[in-house]
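So the chains spell out like this:
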Amino acid sequence: GLDIGGTEIKAGLVLNGKVIKKTKLKTEAAKGRKQVLENIYLTVKKLFNKNVKAIGVGVPGPLDYKKGVLGKQVNLPLSNLNLKKFIQQKFKVHVSIDNDAKVFAFGETLYGAGKNYRNVIGITLGTGVGGGIIIDKQIYHGRSNAGELGHTTINFDEKTKSNCGNNGCIEEYVSARGICRRAKINSPREIYELALKGDKKAIYDWEETGRLLGIGLANIINAFDPDIIIIGGNISNAWKFFSKSMFAEVSKRALLKGTKIVKTKLGEDAAIVGAASLV
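A. View of the sheet that holds strand β3 (residues 18-26). Across the sheet, which stays open at both edges, the five strands sit in the order β3-β2-β1-β4-β7 with mixed pairing between neighbours. Both edges of this open sheet fall to β3 and β7 (94-99), since each of them pairs with a single strand only. With strand direction ignored, the average angle separating the axes of adjacent strands in the sheet is 20 degrees. Where strand β1 (residues 2-4) lies against strand β4 (residues 54-59), two bridges are found, and the strand directions are parallel. Within β4, the residue paired with Asp3 across the bridge is Gly58. Set on the sheet, helix α1 (residues 33-47) makes contact with β1, β2 (8-15), β3 and β4; between it and β3 the angle comes to about 150 degrees.

Set out below in structure tokens:
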């Protein structure tokens, strides 16, 4: 199972839904396509052995999941690349590929917090904001790319330019980039550590993140009425600082009641396991 993110590439050997060995490398997106592909290759190579029968891949953004061709990539220099073909040529095994948030949601549905539910939404908060929709234990694709929930608009008047071109989308508020811009601090980790020390501004920044996320989640609940929403990605580590304001906003705005909202159970293994489960 391979999980390619804007910041890190993570891989794991998966047996019966469990990660038995894993590794990670920096993506180094700023260094361009050639470097990112080299890092993908090196990450897989660290774990690959003769017992590996197939590779499942999760990657951000829209793609043709059948052909393995990536669409417009906001946080990676891999737009229009046939990533499936690249990995198949390098390792000579079957490769399946899908959106990273979809495979996160799939992993959590099969083996994690969504195991006892049929209709699950997964949200990943990291470099970007991803979404995955699971209906009756299957990934819902629509025509191909249903689930781009991070690009739903919560502020139609937003003047700040967004990476994707859809100014005012939820990703610009609750991704690492959005949180740091609002807090005027370079990394979410730094804001988290300040909050742990009781810094009032940092605590407020996380509460505001929760409120904005809650608006997005209320929209999702009103649209899909899922059994459960599972929140993952690196930003979810600050759950204790943003969840209270998130729940309050959902309660205020969601017309439909009863959807559970929980933090990831599998953590960074969810997308690895979900990617492996594609094959």
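After that view of the structure, there is still more to cover.
B. Structural context of the pairing of β4. Buried residues dominate β4, accounting for five of its six residues. As paired strands, β4 and β7 are joined by six bridges and run parallel to one another. Bridging from a neighbouring strand, Val59 pairs with Asn99 of β7.

C. Representation of the nonpolar core in the model. Formed by 37 residues in total, the largest nonpolar core has its most connected members in Ile123, Leu125, Trp206, Leu217, Ile229, Phe242 and Ile261. Those elements giving two or more residues to this core turn out to be β8 (120-125), β9 (129-135), α4 (171-174), α5 (176-183), α6 (188-196), α7 (200-224), β11 (228-232) and α8 (239-253). Here this core gets nine residues from one element, more than from any other, and that element is α7. Here Ile229 is in contact with Ile121, Ile123, Leu217, Ile220, Ile221, Thr259, Lys260, Ile261 and Val262, once residues within four sequence places are set aside. Of all hydrophobic cores here, the second largest spans 26 residues; its members include Ile40, Val44, Val59 and Leu63.

D. Region of interest: the side chain of Thr27. Residue position: Thr27 is located in the loop between β3 and α1. Since its relative accessible area comes to 0%, Thr27 is described here as buried. Thr27 has contacts with Gly5, Gly6, Thr7, Glu8, Ile9, Val36, Asn39 and Leu76, leaving out every residue within four places of it along the chain.

E. Layout of α1. Look at α1: 22 Å from first C-alpha to last across 15 residues, which is about the 21 Å you get at 1.5 Å a residue. Those residues of α1 not exposed but buried are Val36, Leu37, Asn39, Ile40, Thr43, Val44 and Leu47. All buried residues of α1 project into a common sector of 160 degrees when viewed along the axis, lining one side. If you follow the buried residues of α1, they end up packed against β1, β2, β3, β4 and α2 (83-91).

F. Seen up close, α7. End to end, α7 covers 36 Å across 25 residues, agreeing with the expected 36 Å (1.5 Å per residue, within 8%). Capping of α7 at its N-terminal end is provided by Asp199; its side-chain oxygen lies 3.1 Å from the backbone amide nitrogen of Lys201. After α7 finishes, the residue Asp225 shows a positive phi value of roughly 45 degrees.

G. Structural view of the packing of helix α3 (residues 100-111) against helix α9 (residues 269-277). Closest axis-to-axis distance for the α3/α9 pair is 7 Å, and the angle between their directions is 90 degrees. Put simply, α3 runs roughly perpendicular to α9. Along the contact surface, α3 presents Asp100, Val103, Phe104, Phe106, Gly107, Glu108, Leu110 and Tyr111, while α9 presents Ala270, Ala271, Val273, Gly274, Ala275 and Ser277. By residue class, the composition of the contact of α3 with α9 is nine nonpolar, three polar and two charged.

H. Broad picture of the packing of α7 against α8. The interhelical angle for the contact between α7 and α8, taken along N-to-C directions, is 40 degrees, at an axis separation of 7 Å. Here α7 lies oblique to α8, going by the angle between them. Between α7 and α8 the crossing geometry is right-handed. For the pair formed by α7 and α8, the contact residues are Trp206, Glu207, Gly210, Arg211, Leu213, Gly214, Ile215, Leu217, Ala218, Ile221 and Asn222 on the first element and Phe241, Phe242, Ser245, Met246, Glu249, Val250 and Arg253 on the second. Split by residue class, the contact of α7 with α8 holds ten nonpolar, four polar and four charged.

I. Seen up close, the pattern of salt bridges. Evaluation of the coordinates by the stated rule reveals 15 salt bridges. Lys24 is paired through a salt bridge with Glu8; the nearest N and O atoms lie 3.9 Å apart. One end of the pair, Lys24, is in strand β3; the other, Glu8, is in strand β2, with 16 residues separating them in the sequence. In this structure Lys24 comes out as partly exposed when scored by relative accessible area, which is 38%. Given a relative accessible area of 18%, Glu8 falls into the buried group. As a salt-bridge pair, Arg177 and Glu171 come within 3.1 Å of each other at their nearest N and O atoms. By relative accessible area, which is 3% here, Glu171 ends up buried.

Thresholds applied
Residues numbered from 1 in each chain as written. Predicted model: local features only at pLDDT ≥ 70, side-chain atom pairs only at ≥ 80, totals over all residues. Heavy atoms only, no water. Pairing = 2+ DSSP bridges. Helix = DSSP H or I, 4+ residues; strand = E, 2+ residues; numbered from the N terminus. Axes fitted to C-alpha atoms, helices over the stretch in contact; angles between N-to-C directions. Contact = heavy atoms within 4.5 Å. Buried < 20%, exposed > 50% of the residue type's maximum accessible area, 1.4 Å probe, protein only. Core = buried A, V, L, I, M, F, W, Y, C linked by side-chain atoms within 4.5 Å. Expected span 1.5 Å × (residues − 1). Arc of directions from axis to C-beta. Polar contact = N/O pair within 3.5 Å; in protein donor to acceptor, adjacent residues only side chain to side chain. Parallel < 35°, antiparallel > 145°, perpendicular 65-115°, else oblique. Nonpolar A, V, L, I, M, F, W, Y, C, P; charged D, E, K, R; others polar. Left-handed = near helix turned anticlockwise from the far one by under 90°. Salt bridge = Lys/Arg side-chain N within 4 Å of Asp/Glu carboxyl O.

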